[in-house]
Amino acid sequence: MALLLARVGHPVSTRELIDLIWADNVPASALNVIQKYVGALRRVLEPAVPARAAGSYLHLRGNAYVFSAGPGTLDLVTFRELLQAAQSALARQDRAVALEHYVKALGLWRGPAGDGLSFGSAAMSILATLDDEFHAACAAAAGLAVSLRRPERVIPPLQLAASMAPFHEPVHAGLVAALGAAGRQAEALSAFHAIRDRLAEELGIDPGPALRDAHLRVLTQTPPAPVVTVTRSAGERAPARQEAGLVGRGEELGVLRQAVDAALAGRTGLAIVEGEPGAGKTRLLEEVAAVADRRGALVVWASCLEGDGTPSMWPWEQALTVVLDSLPASAREKWLAGELGRLLEPRDDDAGPPVSGGRSQFRLFEQVVTFIGQASAERPTLLVMDDLQWIDATSLQLLGHLVARLPPGAAIIGALRDRAPTPGPDLSRVLAAASRLPGHRRIQLGPLSLADVAELIRRETGQEPGADIARNIHVRTAGNPFFVCELSRLLSDRGALGDGDASARAGVPSTVRDVVRDRMAGLDDSVRDLLRVAALIGRDVDLRLLARAAGVDFADCLERLEPLRALGLLETGPEDPFALRFSHDLVRESVTETTAGLQAIRLHLRISDALEEGQADDESITERLAFHLSAAGPLADPVRTVEALKRAGRRAATKLAFAAADRHLESAAQIARTAGLPELELSALSLLAIAPRRQAGFGGTTFDLLERAEHLARRLGREVEAAGLLFARLFGAYTFLEWDRLRLVRRLYEQGEASSDPVVRVYGRQAWGLHQWDIGNIGEAYRCFSGNDPALLEGVVSAHSETPIRRDVSGEWPGWLAVVTALHGDAETAKAVIDKWNGPDDSYAVATWAYYTTIIASMAGDAGWAMRTIERWMAAGTGRAAVQQEHYTRLNWYWARALAGDDPAGVAAEAEQLVAGTLVDPPRWGVAYHHGLVAEMWLAAGMPERAGIALDRADQALEAYGQRYAEGLVLLLRARLLQARGEPAEVVRAAAEQARDRAGERESHLFARRAEKFLAEL
């Protein structure tokens, strides 16, 4: 579409379109894709025009397409018409009218042509040509406006053009001239200096004649008289500059204030600040937070901390606690009784996480959205999140969820480093998704200018720096505000701030680490040791813990810390007088680098002892204790370390932070294995195998660990536990359609048949039933699942076996039985099997019920049943978004909507995209079946070509992965596709009979009956 619009009125051949879009990576179906895209564009542009009709805009000319635009249809055409009108007015010497045409034309532009689109170099050159038209018009309009003494009319488009073309000298010359003519001499000179420096640094050239002339005009013009707003008595000196506020960040602060303004107006605001460490991100956040606070908003801070010792979900524990405290007592009690209580109030970790971890995590995330919504309804709320580069995986998931569903009256402003470390892929994905939301703002904090560095030095030290020293500090710090402050303090202490030569002789450090180490050099050994212990504890330091870990009296600890506060290395916490904070993470990192390896190990052990000594019963220290014991390495008792890591894993899982839980438990298993503690290793690996973490992400590493756990269990003579672990491994293999999954099934089935333990036999039969379901032998799968005594599945078997069935792997077995029972032809019995989950009190039991019921409804072709089920789910409190959270249920929902006539083409396209994004790579259970559902949706939309493509994908998946339970449905849909294409009735009937017979052979009676019904309607 963009390319056709860019070439409006000119034919573009299909060969040219293909080259422009794909360049050297042309797919075999490129021509078909182009034709389908054009058809889709026609339907979007003119939905009322019948299919295959020509329409008014897109026309086929031989083997080329041309876009025709009438008056007022396309802004590019209007822009060019206005430029022609301006030229005509100039030819008539009507310069004022010409300027009006220019202003209207330039006002149509909002940014680069095709902004946000990704094309190859050839296509981008076409769009760049359009930008060149804009730039040329801006330069022409600037000269005209200045000559007419109306420069303010063209300054906004000139600023836009300058931002689009950083090296376009005529545009920048026009901007400098217009700003100067408008009386904005300081801005004009700043604009000239910026383009001059950019040309020199990046291209190695000086400004050309146009820029030099514009600069000279600004220098020689008479500035307008200033407006006097303040009177002073005789002899009173005006301050050189205002002392309060930021230095050099006015524009960035203005952008962030827009996010605050949006929340105060009842809308939503979202802004992200990026920059290198020490660029002033936190200082900027503090400033905008103060603005929001003064204007009556509730300001909530959440700081992400570095290191595995940081508790999972820590930023949210900080932020949500503040929000909770702002609510009435009755509301606080209500929220703490729900999922939020898991996060904000430590609970018994032995209780473990809920079995349905993915849905429980979603429930927590939705509660946070509602919770923030309640707070922002009472008072506009600003959530400030600092140091996002350290955010843990689950906190990041919650951030992405909240950003996408931010309630009115709420704003989020976050900050992160763009290096040291660079943002990880998960954070980058969340930020990319956020950038597509309306009102999103993203700021890159660059270095301070030389003038701003000089001003910052003056504010920091109270002294006017000499020109040489300001330039020296600017060069050595690259304008980094934190480095500037540290170096200027150091030079001030040495009396070298006003003497450039003296500062050079003193050897001004070039990095902040040199500064910190230089400050530490003047400390005595006892204070340095205390500082090193504090740095290993973390950025936030509890003084009681520090005193215990250092083995000093509390009063003595306070006394030793005084020099550190005086040096600016540590500062008092804002709320707790007995807590200190490192002034910057870089300071803490610099201190830890001065700690020798063996010394650090010993200090970690001392910190562990101090944690247990002072807070042994406090669940909140669990993950910190595990971190320090792990860091103590071989000096710590491995049993103690492993048990701490296991507790940390359970604690993290209780908070639904599955990535952190996995990390703790994998570490526990590795330490136990190294120490030769098989019992402990097995217990850690068994915790790792539970379903919630499998739902959160169950990949190759976890599979390897499960196999190791099974090996250990067998070596220790624990047959039932080994079988349960093998079943968990097998479940993962089927989830991701591993090619050799049958090998695992045979192992477990043969073990079950050979075992006298009823639990092992149950595992074996369930595994064999899963395999039969997978390959499409529905009758055999039904007999396997239904043959297992329900009492065994519910745990009564524990009376006959020393080890019960793992609840985490058997919790959804009734759902499997229900689906297979329905496929076997008894949908009513299947409904009864899972209706017990549809209770009034537990919305997540309802979610499980809805998940399996919508699967059965889609298999039965009953869209109404699926929609009623989803309505019940919504009524249970999880809402429409819960359907979108579960990929499979969301696909079933799309299917039901399409068959009910709710924009079938639109939802089919969404479903197709969802299948491609979630089930195809890596392949997951049901990929062929859901390609079939997408085909049925396209048929409902009256688009057999798209249905045929979806069915081809279903056939490919059937062959590639051997999962054939959907084969009967796919064959039936083939018959319906033939009918939709107008094939002869006998051809359609033969295809439908094949579908009926194949389904009947496999005892998939549900699909056989659907085929029979279709045959009866022919």
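The name an unreviewed UniProt entry assigns to the protein is DNA-binding SARP family transcriptional activator, from the organism Nonomuraea angiospora. Quoted verbatim from the Sequence similarities (unreviewed entry) heading of the UniProt record, the comment on the protein is "Belongs to the AfsR/DnrI/RedD regulatory family."

In this section: the sheet that holds strand E9 (residues 540-542). On the basis of which strands lie adjacent, the open sheet formed by 3 strands has the order E9-E11-E10 and antiparallel pairing. With one partner strand each, in any of the chains shown, E9 and strand E10 (570-572) form the two edges of the open sheet. The average undirected angle you get between the axes of adjacent strands in this sheet is 35°. Here E10 runs beside strand E11 (residues 579-582); their pairing, made up of 3 bridges, is antiparallel. Across the sheet, Leu570 pairs through a bridge with Phe582, a residue of E11. On top of the sheet, helix H25 (residues 543-550) reaches E9 and E11; it is set at about 70° to E9, its chief contact.

Moving on: the environment of Ala713. Within the secondary structure layout, Ala713 lies in helix H34 (residues 700-715). A sequence separation of 27 residues divides Ala713 from Ser686, and the C-alpha atoms of the two residues are 9.6 Å apart. Sequence-distant contacts of Ala713, that is, excluding residues within four places in its chain, are made with Leu682, Arg718, Glu721, Ala722 and Leu725.

If you look at the biggest cluster of nonpolar residues, it comprises 88 residues, and the most contacted ones within it are Trp773, Leu823, Met859 and Tyr965. Take this core: its biggest share by element is 10 residues, from helix H43 (residues 843-860). Grouped together as the second largest cluster of nonpolar side chains are 63 residues, Leu570, Leu603, Ala644 and Ala713 included.

So, on to unusual backbone geometry. Here the residue pair Asp921 and Pro922 is connected by a cis peptide bond, since its omega of 0° sits within 30 degrees of zero. With respect to the helices and strands, the residue Pro922 is situated in the loop between helix H47 (904-918) and helix H48 (927-940). With a phi angle near 50°, Leu737 is a residue other than glycine that sits in the positive phi range. The topology assignment puts Leu737 in the loop between helix H35 (719-735) and helix H36 (741-754). Positive phi values are uncommon outside glycine, yet Asp903 reaches one of about 50°. The residue Asp903 is located in the loop between helix H46 (887-899) and H47 in this model.

Here we come to a nonpolar patch on the surface. A cluster of nonpolar residues, Phe167, Leu203 and Ile205, forms a patch on the protein surface that exposes about 240 Å² of accessible area. Structurally, Phe167 is set in the loop between helix H7 (155-164) and helix H8 (169-181).

This part takes up the confidence of the model for the protein. For the protein, mean pLDDT is 82; residues scoring 70 or higher make up 83% of the total. Counted against residues more than four places away or in other chains, residues 878-885, with its pLDDT under 50, gives 24 contacts.

Attention shifts here to the sheet that holds strand E4 (residues 269-275). Spatially, 5 strands are ordered E5-E6-E7-E4-E8 in an open sheet, and the strand pairing comes out parallel. The two strands at the open ends of the sheet, each matched to only one other strand, are strand E5 (298-303) and strand E8 (440-444). Recorded for the sheet is a direction-independent mean angle of 15° between the axes of neighbouring strands. Relative to strand E6 (residues 381-386), E5 is paired through 6 bridges, and the arrangement is parallel.

Another aspect to go through is the pattern of salt bridges. In total, this model carries 46 salt bridges according to the counting rule given. Measuring nitrogen to oxygen at the nearest pair gives 3.0 Å for the salt bridge that ties Lys655 to Glu317. Taken together, the positions of Lys655 in the loop between helix H30 (638-654) and helix H31 (658-674) and Glu317 in helix H13 (residues 314-325) put the pair 338 residues apart, joining distant regions of the chain. On the basis of relative accessible area, Lys655 is assigned to the buried category, the value being 2%.

Next up on the list: the pairing of E4. Summarising burial for E4: 7 of the 7 residues are buried, a large majority. Burial along E4 is two-sided: Gly269, Ala271, Val273 and Gly275 facing one way and Leu270, Ile272 and Glu274 facing the other are all buried. Inspection of the sheet shows E4 paired to strand E7 (residues 410-417) by 7 bridges, in the parallel sense. Within E7, the position partnered with Gly269 by the bridge is Ala411. Here E4 runs beside E8; their pairing, made up of 5 bridges, is parallel.

When two helices pack together, their arrangement is captured by the angle between the axes and the distance separating the axes. Interaxial distance between helix H37 (residues 758-775) and helix H38 (residues 778-787) falls to 8 Å at its minimum, and their mutual angle equals 160°. As summarised for this structure, H37 and H38 are arranged roughly antiparallel, according to the angle between their axes. Once H37 is placed against H38, the crossing between them reads as left-handed. Packed against H37, whose contacting residues are Arg765, Gln766, Trp768, Gly769, Leu770, Gln772 and Trp773, the element H38 presents Ile778, Glu780, Ala781, Cys784 and Phe785 at the interface. Class assignment of the residues belonging to the contact of H37 with H38 gives a composition of 7 nonpolar, 3 polar and 2 charged.

Attention now moves to the environment of Gly278. With respect to the helices, strands and loops of the structure, Gly278 is situated in the loop between E4 and helix H12 (281-294). As a C-alpha pair, Gly278 and Arg417 span 139 residues in sequence and 9.0 Å in three-dimensional space.

Counted according to the given criterion, the structure contains 20 aromatic pairs. An angle of 20° between the planes, with centres 6.2 Å apart, marks the rings of Phe727 and Trp816 as stacked. With Phe727 in helix H35 and Trp816 in helix H41 (residues 813-823), the pair connects residues that are 89 residues apart, well separated along the chain. Accessibility assignment for this pair places Phe727 and Trp816 in one class, buried. Centroid distance Trp773 to Trp925: 5.0 Å. Interplanar angle 75°. Geometry classified as edge-to-face. Here Trp925 lies in the loop between H47 and H48 and Trp773 lies in helix H37, a separation of 152 residues in the sequence. Trp925 matches Trp773 in its accessibility class, with the two residues each being buried. Among the aromatic residues, ring-to-ring pairing joins Phe727, Phe731, Tyr734, Tyr763, Trp773, Phe785, Trp813, Trp816, Trp925, Tyr929 and Tyr965 into one connected group. The ring of Trp335 has Lys334 sitting right over it, with the charged end atom 4.4 Å from the ring centre.

To continue, consider the environment of Leu531. Tracing the chain through its elements places Leu531 in helix H24 (residues 525-537). Its relative accessible area of 0% is what places Leu531 among the buried residues. As for Leu531 and Phe582, which are separated by 51 residues in sequence, their C-alpha atoms are 9.9 Å apart. Apart from residues no more than four positions distant in its own chain, Leu531 is found in contact with Met520, Leu523, Leu564, Leu569, Leu570, Phe582 and Val591.

Basis of the calculations
- Residues numbered from 1 in each chain as written.
- Predicted model: local features only at pLDDT ≥ 70, side-chain atom pairs only at ≥ 80, totals over all residues.
- Heavy atoms only, no water.
- UniProt positions renumbered as here; feature names shortened; annotations may be inferred.
- Pairing = 2+ DSSP bridges.
- Helix = DSSP H or I, 4+ residues; strand = E, 2+ residues; numbered from the N terminus.
- Axes fitted to C-alpha atoms, helices over the stretch in contact; angles between N-to-C directions.
- Contact = heavy atoms within 4.5 Å.
- Core = buried A, V, L, I, M, F, W, Y, C linked by side-chain atoms within 4.5 Å.
- Buried < 20%, exposed > 50% of the residue type's maximum accessible area, 1.4 Å probe, protein only.
- Patch = residues over 30% accessible without salt bridge, like charges linked within 9 Å, V, L, I, M, F, W, Y side chains within 5 Å.
- Areas by Shrake-Rupley, 256 points an atom, 1.4 Å probe, with all protein chains shown as cover.
- Salt bridge = Lys/Arg side-chain N within 4 Å of Asp/Glu carboxyl O.
- pLDDT = per-residue confidence, 0-100.
- Parallel < 35°, antiparallel > 145°, perpendicular 65-115°, else oblique.
- Left-handed = near helix turned anticlockwise from the far one by under 90°.
- Nonpolar A, V, L, I, M, F, W, Y, C, P; charged D, E, K, R; others polar.
- Phe/Tyr/Trp six-rings, centres within 6.5 Å; stacked < 30°, edge-to-face > 60°.
- Lys NZ or Arg CZ within 6 Å of the ring centre and 35° of its normal.

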